[in-house]
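# Chain and residue survey
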Amino acid sequence: MSNARTACNDLPWWQGAVIYQVYPRSFRDSNGDGIGDIAGITEKMEHIADLGCDGLWVSPFFTSPMADFGYDVADYRGVDPIFGTIEDFDAMVARAHALGLKVIIDQVYSHTSIEHAWFEESRQSRDNPKADWYVWADPKPDGSPPNNWQSVFGGASWTWDARRGQYYLHNFLKDQPDLNVHNAQVQDALLEVARFWLDRGVDGFRLDALNFAMHDRALTDNPPVESPKQKTRSFDFQHHFHNQSQPEILGFIERIAGVMKDYGARFTLAEVGGEQAAREMKEFTHGDHRLNSAYGFDYLYADALTPDIVRTAIRSWSGEEGEGWPSWAFSNHDAPRFASRWWDEADRPQAVRTALTLLMCLKGNAILYQGEELGLPQAEVPFEHLQDPEAIANWPLTLGRDGARTPMVWNDSDCAGFGSTQSWLPIAAPHRAHHVAAQEANEGSILNWTKKVISLRNANDALRCGEIEIVDEGGDLLAFERSKDHQRIRCYFNLTAEVVALPDVAGTVLLATGEVAADQNELPPYSALIVETQ
């Protein structure tokens, strides 16, 4: 499949890019220890290039005790031995660049591991050089935590430390103490980490949980949610106005952007979740002195894919002056796979093709999570095999992160081509029939469909980097137009289980999920029609 670009070449490489997310533990195990590694990514790099992707985003591989599987970083500049060596990393970057792929890695600036040397020093006393590098606070007179803030993983966001006689803040696990990013020295240290990886040839960063990087220094209590929609975690019972989403974060973001500009065409993508995400994504990416792009959770936790959800997401990035560039993902390592969230087994083959077509037709960057190109459903992981602390703590009411992290299926061998021994999570039995080798040999497979829709996007400026306008009347038919210069492409989607009426359509059919012609007046269930009208 071609990875060629046309007139979009006058824009930054990332604008309209298709980025493939690799979860290293589950992509390919090269040394037979049951855990995927960096050398395994290098081995299977051609799979990503053959899809037609522009780059890959590699989830954390840094030195870590793995309390949260790498998002608890003990050494920002180290490669954890389970993933390989720094030389393995350099070889991966070199191979990616040889194949025309950019490499994006996670940066976790909100918190570290409890085993990070910075925290080990900070906790020793209240007057050491790093005493103020983390968020410490005195107890209330009765010894209880300083305020009511609750952790994402459940329970109070504060843990007592006897050495300092204070509590430390952790918005996630107690093993993940929050950095005090208000401190300029902390910012300087984090920016040096960024330079370290940029000097090694990295092409961009995905900035994890960025809106958690600063807190209200007055430690104001969070107000309660009057009627929580879900009550799985104590976190769900309050508005998180004070433990995240602080205005001072913009100054740090501008410092990050300044470093990136020193390195030329590098890319920054902010992860932004929470009830203030719509505002924050715009703020974080506004103008040319902040971040390039942001993605939130419009689709990641949606229970269904509906026309209204898509319309709302499109309208949230209206193209106003100074607006950043959106990025869209339907699944990732934290969210259950969309194929299972949105459809039952009978509808998936057709509906997944339509969803992948939609993803590649939206304005913004398209992020494809490993296994989506195979149409993999969410895996069912029995309790006794769970690894994810969130899943274990909230069983059976869980986000199911382990079910989205099971190993890739490459062939029909006992270990599915992932490795040569029992893997860290079991290979999902329903996944085995969807393995890469079988789908490569089947012209009508979801894998080959994915290549087709990425190729369509890459070959048409209007789809890759053009503007977007909703042209439907708000009913069951989703229709929007992508435009760039003189090219106009109409994109029609039926995301329902019923036939929907099509308006009069004139033009050249570029792609259809079934036997649909431009002069047809109906769109079958779960289908798409892409027509060039000018």
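In what follows, the accompanying structure is described. (Residues numbered from 1 in each chain as written. Predicted model: local features only at pLDDT ≥ 70, side-chain atom pairs only at ≥ 80, totals over all residues. Heavy atoms only, no water.)

### Some points on the side chain of Ser122
What counts here: Think of it this way: any DSSP run of H or I at least four residues long counts as a helix, any run of E at least two long counts as a strand, and we number them from the N terminus. Partly exposed describes any residue whose relative accessible area lies between the buried limit of under 20% and the exposed limit of over 50%, with all areas from a 1.4 Å probe on protein chains only and scaled to the type maximum. The term polar contact refers here to a pair of N or O atoms within 3.5 Å; inside protein, the definition further demands a hydrogen-donor-capable atom paired with an acceptor-capable atom, and it admits residues adjacent in sequence only when both atoms are side-chain atoms.
Along the chain, the position of Ser122 falls in helix 4 (residues 117–122). Residue classification places Ser122 among the buried positions, given a relative accessible area of 0%. A polar side-chain atom of Ser122 sits 3.4 Å from the main-chain carbonyl oxygen of Ala131. Separated by 3.0 Å, the side chains of Ser122 and Trp136 make a polar contact.

### Quick look at helix 3 (residues 86–98)
Residue pairs three or four apart in sequence face the same way in an α-helix, which turns once every 3.6 residues. Short version of the rule: The span expected for a helix works out to 1.5 Å for each residue beyond the first. Here the arc refers to the set of directions running from the helix axis out to each C-beta atom. In this analysis, two residues are considered to be in contact whenever any of their non-hydrogen atoms come within 4.5 Å of each other.
Along its 13 residues, helix 3 runs 18 Å from first to last C-alpha, staying within 8% of the 18 Å computed at 1.5 Å per residue. Of all the residues in helix 3, the buried ones are Phe89, Met92, Val93 and Ala96. Taken end-on, helix 3 shows its buried residues confined to a sector of 95°, consistent with a single buried face. Residues Glu87 and Ala98 are exposed on helix 3 and point more than 90 degrees away from its buried face. Elements that come into contact with the buried residues of helix 3 comprise helix 1 (38–43), helix 2 (45–51), strand 2 (55–58), strand 4 (75–79), strand 5 (102–107) and helix 5 (184–199). Positive backbone phi, approximately 80°, marks Gly100, located one or two places after helix 3.

### Considerations on the sheet that holds strand 8 (residues 166–169)
For the record, the criterion: Strand pairing requires that DSSP identify at least two bridges connecting the strands.
In space, the three strands of this open sheet follow the order 6-8-7, with antiparallel pairing throughout. Since the sheet does not close on itself, it has two edges, and those belong to strand 6 (136–137) and strand 7 (158–161), each with one partner. Where strand 7 meets strand 8, four bridges bridge the pair, whose relative direction is antiparallel. For Asp161, the partnering residue across the bridge sits in strand 8 and is Gln166.

### Section: the state of the cysteines
Put simply, the test is: Count a disulfide wherever a pair of cysteine sulfur atoms falls within 2.5 Å.
Within this structure, the stated rule accounts for one disulfide. A sulfur-sulfur separation of 2.0 Å characterises the disulfide bridge that pairs Cys8 with Cys465. A torsion of -75° about the S-S bond marks the disulfide between Cys8 and Cys465 as left-handed. Placement of Cys8 in the segment before strand 1 (18–22) and of Cys465 in helix 14 (residues 461–465) is noted, with a sequence separation of 457 residues between them. Considered together, Cys8 and Cys465 belong to a single accessibility category, that of buried residues.

### Comments concerning the packing of helix 10 (residues 348–361) against helix 13 (residues 446–459)
To keep things clear, this is the line we draw: To get an axis, a line is fitted to the C-alpha atoms, and for a helix only the part in contact is used. The angle between two axes follows their N-to-C directions and goes from 0 to 180 degrees. Any angle from 65 to 115 degrees is called roughly perpendicular, while one under 35 is roughly parallel, one over 145 is roughly antiparallel, and all others are oblique. Definitions for this section: a left-handed crossing has its near helix turned counterclockwise from the far helix by less than a right angle. A right-handed crossing has that turn clockwise. In this classification, Asp, Glu, Lys and Arg are treated as charged, Ala, Val, Leu, Ile, Met, Phe, Trp, Tyr, Cys and Pro as nonpolar, and every other residue, Gly included, as polar.
Where helix 10 meets helix 13, the closest approach of the two axes is 9 Å, and the angle between their N-to-C directions is 20°. In terms of their interaxial angle, helix 10 and helix 13 are classed as roughly parallel. Note on packing geometry: the crossing formed by helix 10 with helix 13 is right-handed. Along its contact with helix 10, which presents Pro349, Val352, Arg353, Leu356, Thr357, Leu359, Met360 and Cys361, the element helix 13 presents Ile446, Trp449, Thr450, Val453, Ile454 and Arg457. Residues belonging to the contact of helix 10 with helix 13 are distributed by class as follows: 10 nonpolar, two polar and two charged.

### Digging into the pattern of salt bridges
To keep things clear, this is the line we draw: The term salt bridge refers to a side-chain nitrogen of Lys or Arg lying within 4 Å of a carboxyl oxygen of Asp or Glu.
Evaluated as defined, the whole model comprises 27 salt bridges. Note that Arg163 and Asp161 form a salt bridge whose closest N and O atoms lie 3.9 Å from each other. Residue Asp161 is classed as buried on the basis of its relative accessible area, which comes to 3%. Residue Glu467 pairs with Lys363 through a salt bridge whose shortest N-O separation is 3.0 Å. Separated by 104 residues along the polypeptide, Glu467 in strand 14 (residues 467–470) and Lys363 in the loop between helix 10 and strand 13 (365–369) bring together distant segments of the chain. If you follow the salt bridges from partner to partner, you end up with Asp68, Asp334, Asp388, Arg401 and Arg405 in one network.

### Quick look at the environment of Lys282
Structurally, the position occupied by Lys282 is in helix 7 (residues 277–284). Each C-alpha atom of the pair Lys282 and Ser293 lies 9.0 Å from the other, and the pair is 11 residues apart in sequence. Not counting the four nearest positions on each side in its chain, Lys282 is found in contact with Ser316, Trp317, Glu320 and Glu323.

### Here we look at the nonpolar core
Selection criterion: Nine residue types can take part in a nonpolar core, namely buried Ala, Val, Leu, Ile, Met, Phe, Trp, Tyr and Cys, and a core is a set of them joined through side-chain atoms within 4.5 Å.
Within the largest apolar cluster, 129 residues are counted, with the highest numbers of intra-cluster contacts made by Leu56, Phe61, Phe89, Ile105, Trp197, Phe480 and Phe493. Sorting elements by how many residues they give to this core places helix 5 first, with nine residues. Dropping the residues within four chain positions of it, Trp197 is found in contact with Phe61, Phe62, Tyr76, Arg77, Val79, Ile86, Phe89, Ile105, Gln107, Val202 and Phe205. Counting 14 residues, the second largest nonpolar core, distinct from the first, contains Trp14, Ile104, Ala329 and Ile367.

Function-wise, these values are silent; they only describe arrangement.
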